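Chain residues, written in single-letter form:
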Amino acid sequence: MMASLVVPRRWYRYLDTLNARYLGSLRAKYLNSVSIRYLDTLSSRYTASPGTLQRHFVTLVPSTSHMVADAHIKLRQQQEAVNQVMCCTPSGPLIYSRRTTSFFNKLTAEQLWKGVTSVSNAGRKQGRGKGVGKKIAKDLNRGQIIGVGQENMVWPGLNAPVIRGRELVQQKKLPKDEEREARLIKIRNTMGSFRALRLDPLDRGWCGNKMPGRSIGPPNPIEDDKFEGFDTRVLELKIVTCMTAVFGRKRRFSMFVVTGNGNGLGGFALAKATTISDVTRKVKNRAGQKLLYIERYNEHTVLHDFFTYFGRTKIFVKKMPEGYGLVCHRAIRTICQTLGIKDIHAKIEGPTNVQNITKAFFLGLIRQKTHQKLADEKQLHLVEFRKENLNFPKVVATPQSGKVRTQEEIPNNEELDFTQHIMDGKVQLVKKKYPAPYEKLPSYEIYLKKYARRRNHQKVMLNMLVEEGEYRSFYTDQYPECRPGYSSKSEEAEAW
Amino acid sequence: MAATVTLQVYFRSIFFTNNAVLRSFQRKSWRHCSTSVNIYNDRDPAPVFFSENVQTILKKITGTDFNKVFRQRFDEKKLSPPEYKFMTDEELKQKMKNAERLSSKILQMPPVLKERQAISNILSRDPAITGFENCKFVFTDITYGLPDRKRLVVVRDPDGTLRQASWEEAERMNQIYNPRPGRKLKPPKLFQEEHLTNVLERGEYEFVLDSACAQFEPDDPEYLRITSVVYESVDKKRCYQLLHSTRHYGPLCFYLTWNKKIENLLISLLQQEKLEACADIVRLYQLIHTDCKSKMINVDPNQHLELLKAYVEHDSLQQQQLQLAIQAYQEIVRERQQYNENVKTAHGL
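Residues numbered from 1 in each chain as written. Chains lettered and ligands numbered in written order. Predicted model: local features only at pLDDT ≥ 70, side-chain atom pairs only at ≥ 80, totals over all residues. Heavy atoms only, no water.

- Chain B appears in an unreviewed UniProt entry as 28S ribosomal protein S22, mitochondrial from Cherax quadricarinatus.

**Considerations on the overall build of chain A**
Here is step 1: Along its length, chain A carries 15 helices and 19 strands.
Here is step 2: Looking at chain A as shown, the accessible area adds up to about 34,400 Å², and 54% of this sits on carbon and sulfur atoms. (Helix = DSSP H or I, 4+ residues; strand = E, 2+ residues; numbered from the N terminus. Areas by Shrake-Rupley, 256 points an atom, 1.4 Å probe, with all protein chains shown as cover.)

**Quick notes on the nonpolar core**
Proteins that are soluble and globular tend to have nonpolar side chains buried together.
Here is step 1: If you look at the biggest cluster of nonpolar residues, it comprises 61 residues, and the most contacted ones within it are Leu58, Tyr249, Phe254 and Leu266 of chain B.
Here is step 2: Take this core: its biggest share by element is nine residues, from helix α14 (residues 275–288) of chain B.
Here is step 3: In this structure Leu266 of chain B touches Cys278, Ile281, Val282, Leu308, Tyr311 and Leu322 of chain B, once residues within four positions along its chain are discounted.
Here is step 4: If you look at the next biggest cluster of nonpolar residues, it comprises 25 residues, including Ile294, Cys328, Ala331 and Ala346 of chain A. (Core = buried A, V, L, I, M, F, W, Y, C linked by side-chain atoms within 4.5 Å. Buried < 20%, exposed > 50% of the residue type's maximum accessible area, 1.4 Å probe, protein only. Contact = heavy atoms within 4.5 Å.)

**Considerations on the sheet that holds strand β2 (residues 122–125) of chain B**
All names here are of chain B.
Here is step 1: Reading across from one edge, β2-β5-β4-β3 is the order of the four strands in this open sheet, with antiparallel pairing throughout. Since the sheet does not close on itself, it has two edges, and those belong to β2 and β3 (137–140), each with one partner. Within this sheet the neighbouring strands show an average axis-to-axis angle of 15 degrees, counted without direction.
Here is step 2: Sheet topology places β3 next to strand β4 (residues 153–156); four bridges connect them, and they run antiparallel. When the sheet's bridge partners are listed, Thr140 is paired in β4 with Val153. (Pairing = 2+ DSSP bridges. Axes fitted to C-alpha atoms, helices over the stretch in contact; angles between N-to-C directions.)

**Remarks on the sheet that holds strand β16 (residues 326–327) of chain A**
Residue and element names in this part refer to chain A.
Here is step 1: Taken together, the four strands give an open sheet; going across it, the order is β14-β15-β17-β16, and neighbouring strands pair in mixed fashion. The outermost strands of the open sheet, each flanked by one partner alone, are β14 (306–310) and β16.
Here is step 2: Each of β14, β15 (313–319) and β17 (344–349) touches helix α10 (residues 354–366); the most contacted strand, β14, lies at about 140 degrees to it.

**Focus: the packing of helix α15 (residues 304–314) of chain B against helix α16 (residues 319–347) of chain B**
Residues and elements named next belong to chain B.
Here is step 1: Where α15 meets α16, the axes come as close as 9 Å, and the angle between the chain directions of the two elements is 155 degrees. Between α15 and α16, the interaxial angle falls into the category roughly antiparallel. Of the two possible hands of crossing, α15 and α16 adopt the one that is left-handed. For the pair formed by α15 and α16, the contact residues are Leu305, Leu308, Lys309, Tyr311, Val312, Glu313 and His314 on the first element and Gln319, Leu322, Gln323, Ile326, Tyr329 and Gln330 on the second.
Here is step 2: Looking at the contact of α15 with α16 residue by residue, the class counts come to seven nonpolar, four polar and two charged. (Parallel < 35°, antiparallel > 145°, perpendicular 65-115°, else oblique. Left-handed = near helix turned anticlockwise from the far one by under 90°. Nonpolar A, V, L, I, M, F, W, Y, C, P; charged D, E, K, R; others polar.)

**Section: the pairing of β4 of chain B**
Strand residues, when the strand is regular, have side chains that alternate between the two faces of the sheet.
Residues and elements named next belong to chain B.
Here is step 1: Burial of the side chains of β4 extends over both faces: Val153 and Val155 are buried on one face and Val154 and Arg156 on the other.
Here is step 2: With three bridges joining them, β4 and strand β5 (residues 161–164) adopt antiparallel strand pairing. Bridge pairing in β5 places Val154 opposite Gln164.
Here is step 3: What sits between the antiparallel neighbours β4 and β5 is a turn of four residues, in which Gly160 has the positive phi angle 100 degrees.

**Quick word on the interface of chain A and chain B**
Here is step 1: Taken together, the contact pairs 34 residues of chain A with 27 residues of chain B.
Here is step 2: It is Phe385, Glu388 and Phe392 of chain A that lose the most area in chain A upon contact with chain B, and together they represent 22% of the buried surface on that side.
Here is step 3: The tally of links between chain A and chain B comes to seven residue pairs in polar contact (both at pLDDT 80 or more).
Here is step 4: Counting only elements with at least two residues in the side of chain A that touches chain B, the list comes to α11 (371–378), β18 (381–385), β19 (394–397), α12 (418–422) and α14 (457–467) of chain A.
Here is step 5: Element by element, the count of residues in the side of chain A that touches chain B is highest for β18 of chain A, at five residues.
Here is step 6: Broken down by class, the residue content of the side of chain A that touches chain B amounts to 18 nonpolar, six polar and ten charged.
Here is step 7: As paired elements, β18 of chain A and strand β1 (residues 83–87) of chain B share five bridges and run antiparallel to each other. Residue pairing across strands places Glu384 of chain A opposite Tyr84 of chain B, the latter belonging to β1 of chain B. (Buried area = accessible area lost by both parts, 1.4 Å probe. Polar contact = N/O pair within 3.5 Å; in protein donor to acceptor, adjacent residues only side chain to side chain.)

What follows is the structure, encoded as structure tokens:
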């Protein structure tokens, strides 16, 4: 003997329409194959228990196969019976027709809200439906849990476990929750008003609460490739519009991102879509498809200084030692962080269009020449001199062929200077540093003379703490007031 | 008299190798092994240290590991990006020569001198001006270009005596008028007993020795005390490699050889299979202690192991340990040869 089943009313509607035989289109419209199969079994095995048709859920009781057809007919009769409520009044019996189905439960929530909040195309052209008067769809599911409704009931399998300990939990009706309605209304009242986005400071990019500079996660995995270690950062997010014949002004989001695994692999991409979520997904996956590998020096900086340009944007990039940091435009800084470059100096000349900066920078990075390549090009040893190593000549690369040119073999006009060779003859204009305007005034000299007295005090005081253990002078032993933090009031208080 | 002499000789020969206590009786002053003592009192080490043979040996065993000599030191200076140059073979050779010259400068050994004697040079006695002031007056000659040691510093005491300043006073005045980088007026607390042992336990030998070189003169008794404490600590921990290829390795070996404490050093060098270095140390020993017995034996200078064995037989004070070490080394060599031969036969060569 099968137990009784509780199913949502929507599903029961399908059972109801079995008689109508609209199987093909209805199936396609409302249900997937699994639920269809399930409901077919339901329809052959169960019928609705009487008096349960009006509620959200319908209790089905098992039926024998030969009674199925009769059961369906009975259902219809029951339904019609419910539709007619008999009410006795002095003037005679009144029949109130109540519909159990209407547009309200035939349409999805989205469609219903659209009907209420939407503005016509003509209205949109005139600018209606934007700004303060805009009606916002409220998510009515907020504050509600599946299994809990107007009737406060315990449904085993839904909002309570089926077996608790060793006992089967039974369906039970609990006393009604009076405040539920009030709570829901309160939640719904707070919705709809505009609220500014609150971001954790660590999640912020370089544009306040907005997207540029923020991370949008790694690209979506493709089969085996999980994009481990990858992080995508938004460089530019803008709303672009074009006029169309049908809708008029068509609004789309354009997002420009750079992705990288912090270890030399990276790529950038641009994508457009109507919603933020769509454009985010599109662009990061596209960036993940267009990856480049760039060479780094000791995994912290570029191989050498270079100059690049794209459009009218020109960048002079300088190789820097450890600890220098990313001293550059914020877009270049973001790119370097995703690629794994930690120290660099970059000066942009000309327009600072973010897309052009990115393209110029990537061009320069992939056009870098490794030390070995340079040595082979020149057929000379490439030697590194570091000031911290007392300029010890460290041979970084020798020509692979083994043949090194001699002084006679090198022509007179050949460029042997490393920086000149690398920059292809270009020289960055270094602007002269002028003294600050106050340095010419006579008051500055007076200030310097006064400052000279206390210029070394910090070091002296530090040494004093090391050697003596406290700030003291020749008078400290004889006169107790010659100590920092001493006040005559405290002495008086002690005397009292 | 002859009987007593022969008796003494007899006793000496019995206890020669093992008894460290008796060994110390043979010298003029009593010596503790662990505490610091001024060891250059009886015989002046300077002529021996600066002799050509000794200098060549010390420079040879110090070694020139460029990676260590030119390593980055943490001196809080701002880093600058490296410079690159395209070079021919000749240019590279020239630069390497410059680097070698610089490395020999960096590896210049601090001199080993005996302890300086206190100055007691009174220039004049004027009891007539006793009590003219209740403090001393110090007069320093600040002529530009004079070396610190030649600078005249005199003191007028309150009792009227005009005398040459003591070493401490002169050094203090020199540091005030011509301050040296790295030197402080008051010696840092690092050099006090408890702090010194603490730092040496951490193995910061080079740091302590460099600080001592910067702070003190080489004949300062404080400097001699500190260096001997450090060398003893290094010998105890057998951390000779830490000082290898630094300017302190030479003086370290000289100190150990002077005090006949080279056993541990020889064993550690044998374990690293540096036979030539072992032979060099034995030769150094023969140069310093010209009365040693192994010198009499004529050994081919190229046979390093033979020289070492001669030392072990005649002059060593810990024969057993060294012999064990030599045996172990020979075993290793033999096994390695055997293994190579096996490999060759296996490959059919």
